[in-house]
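Residues per chain, in single letters:
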Amino acid sequence: MEVTEAAPAAAAAVEAEDGNGRKGSWYVLGERAVLVPYLREHVPRYHEWMQDPALLEATASEPLSLDQEFDVHRSWTLDPLKRTFIVLDKELIKGEFAPGNPHTEAMVGDVNIYMNDPDDMQLAEIEIMIAEHKSRGKGIGQEAILLMMAFAVEKYGIHTFRAKISESNVASLKLFRKASRMLHTALCLKR
Ligand SMILES: CC(C)(COP(=O)(O)OP(=O)(O)OC[C@H]1O[C@@H](n2cnc3c(N)ncnc32)[C@H](O)[C@@H]1OP(=O)(O)O)[C@@H](O)C(=O)NCCC(=O)NCCS
């Protein structure tokens, strides 16, 4: 999926930074979802999600112990080539959204990019998971993908996204095809 020149169309989505300028301090606000940095407080719930065999299969993941999940969290946080956000369902946020607050009550999934192609550091592999069934089918996955792409274009100059999706994962194929069309439409409108 080529997104060269998508940055201006996407820039509006990149909302704010909590002021300390560290890698993990950005968050992205959407209409239905908020992307927040993956914090230690999120790990226990994330670990519960990743006990579900269906989610493990859909995301091509291996089951981990809680300690291993904390190790993975640490390595993801330190890896400059990786960026992970936890997806919050805005309808589940108690009180006002506050930057820096993990809002674990509203966490429903994650979205991440990995700049793992040594021949092209502006190519990113992208993954999405909306683990909480109650928050599926509300357009949150779609919005989270677009927000993440906007962030990646704006902050890392990413021009190509790659998603590895099993042929049987109808929901994910539909979601990524639609996201691709929406990005191209945004480019055409801009021109
Ligand atoms: C795939 C996934 C992220 C979709 O998240 P979601 O928030 O439920 O998706 P959305 O509500 O934003 O829907 C996006 C589009 O996909 C479609 N869709 C969602 N779930 C679907 C399903 N089970 N079957 C068919 N289409 C589906 C929606 O209808 C929508 O298209 P539309 O606007 O044309 O109607 C979610 O089901 C998931 O996390 N699955 C497990 C993990 C996974 O497969 N990740 C992808 C690996 S790359």
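Residues numbered from 1 in each chain as written. Predicted model: local features only at pLDDT ≥ 70, side-chain atom pairs only at ≥ 80, totals over all residues. Heavy atoms only, no water.

Turning to the pairing of strand E3 (residues 33–37), a few remarks are in order. Judged by how many residues are buried, E3 sits mostly within the fold: five of five residues are covered. In textbook terms, the turn of a hairpin is the stretch between consecutive antiparallel strands, and for strand E2 (residues 26–29) and E3 this stretch comprises three residues. With five bridges joining them, E3 and strand E4 (residues 82–89) adopt antiparallel strand pairing. Counterpart to Leu 35 in the pairing with E4 is Val 87. (Buried < 20%, exposed > 50% of the residue type's maximum accessible area, 1.4 Å probe, protein only. Helix = DSSP H or I, 4+ residues; strand = E, 2+ residues; numbered from the N terminus. Pairing = 2+ DSSP bridges.)

Examined against the element boundaries, Ile 86 turns out to sit in strand E4. Given a relative accessible area of 0%, Ile 86 falls into the buried group. Once the C-alpha coordinates of Ile 86 and Met 129 are considered, the two residues, 43 residues apart in sequence, prove to be 9.5 Å apart. Not counting chain neighbours up to four residues away, the residues in contact with Ile 86 comprise Val 34, Leu 35, Val 36, Pro 37, Tyr 38, His 42, Tyr 46, Met 107, Gly 109 and Asp 110. (Contact = heavy atoms within 4.5 Å.)

This is a description of form; function is not addressed.
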